[in-house]
Amino acid sequence: QVQLVESGGGLVQSGGSLRLSCAASGFTFRTYRMSWYRQAPGLERELVATITSGGSTNYADSVKGRFTISRDNAKNTVYLQMNSLEPEDTAVYYCNVNVLARPTWGQGTQVTVSS
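Residues numbered from 1 in each chain as written. Predicted model: local features only at pLDDT ≥ 70, side-chain atom pairs only at ≥ 80, totals over all residues. Heavy atoms only, no water.

### Considerations on the overall build of the chain
Looking only at helices and strands, one finds 0 helices and 11 strands in the chain. For the chain, the sequential pattern of α-helices and β-strands runs β-β-β-β-β-β-β-β-β-β-β. Here the C-alpha atoms of the chain give a radius of gyration of 13 Å, agreeing with the 13 Å that 2.2 N^0.38 yields for 115 residues. For the chain, the C-alpha atoms occupy an extent of roughly 40 × 25 × 20 Å along the three principal directions. Summing over all exposed atoms, the chain offers an accessible surface of approximately 6,100 Å²; the carbon and sulfur share of this is 45%. On the chain, the mean spot of the 10 positive side-chain charges and the mean spot of the 8 negative ones are 11 Å from each other. (Helix = DSSP H or I, 4+ residues; strand = E, 2+ residues; numbered from the N terminus. Rg over C-alpha atoms; globule rule 2.2 N^0.38 Å. Areas by Shrake-Rupley, 256 points an atom, 1.4 Å probe, with all protein chains shown as cover. Lys, Arg positive; Asp, Glu negative; His and termini not counted. Charge placed at Lys NZ, Arg CZ, Asp CG, Glu CD.)

Laid out in structure tokens, this is it:
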């Protein structure tokens, strides 16, 4: 079955960096659009970044210029490099893929940015 496993979260000071990873299995990874979402306490889950099968990327305005999404099709892994982190980036970050129009989510990884 389709599975996504995130890793790389943690506690970092404002201005610091983290790289999240999402290992995928159960589908032909290289042919699917992959996305990162995040959800802060009390808020709705929001789209952070997307990368298509061809490598085109899109970002939420709040992270443009600071975050970079990338993929390694040989490793079935999508990454989110997060630089210049701000306390407002504190959230649980989730990896997402829609296979046959059915969304699959990972378990999430907590990112906490201290001021």
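### Section: the packing of aromatic side chains
Scanning the entire structure with this criterion turns up 4 aromatic pairs. With a centroid separation of 6.3 Å and an interplanar angle of 50°, the aromatic rings of F27 and F29 are classed as tilted. No difference in accessibility class separates F27 from F29, as the two residues are buried. Site record: aromatic cluster; members linked through ring pairs are F27, F29 and Y32. The positively charged end of R45 is found above the aromatic ring belonging to Y94, 3.8 Å away from the centroid. Here the basic side chain of R71 rests over the ring of F29, its NZ or CZ set 4.5 Å away from the ring centre. (Phe/Tyr/Trp six-rings, centres within 6.5 Å; stacked < 30°, edge-to-face > 60°. Buried < 20%, exposed > 50% of the residue type's maximum accessible area, 1.4 Å probe, protein only. Lys NZ or Arg CZ within 6 Å of the ring centre and 35° of its normal.)

### Description of the pairing of strand β8 (residues 77-82)
In terms of burial, β8 is largely enclosed, as 5 of its 6 residues are buried. The sheet contact formed by strand β3 (residues 18-25) and β8 spans 6 bridges and is antiparallel. Across the sheet, C22 pairs through a bridge with V78, a residue of β8. Here 6 bridges tie strand β7 (residues 67-72) to β8, and the two strands are oriented antiparallel to one another. Counted as the bridge partner of T68 is Q81 from β8. (Pairing = 2+ DSSP bridges.)

### As for unusual backbone geometry
Even without being a glycine, N76 presents a positive backbone phi close to 50°. Along the chain, N76 falls in the loop between β7 and β8. For S84, which is not glycine, the phi dihedral falls at a positive 50°. For S84, a relative accessible area of 41% translates into the label partly exposed.

### With respect to the sheet that holds β8
Judged by pairing direction, the sheet is antiparallel, and its 4 strands sit side by side in the order β1-β3-β8-β7 without closing on themselves. Two strands in the sheet have a free side with no partner beyond their single neighbour: β1 (3-7) and β7. Ignoring strand direction, the axes of neighbouring strands in this sheet form an average angle of 15°. (Axes fitted to C-alpha atoms, helices over the stretch in contact; angles between N-to-C directions.)

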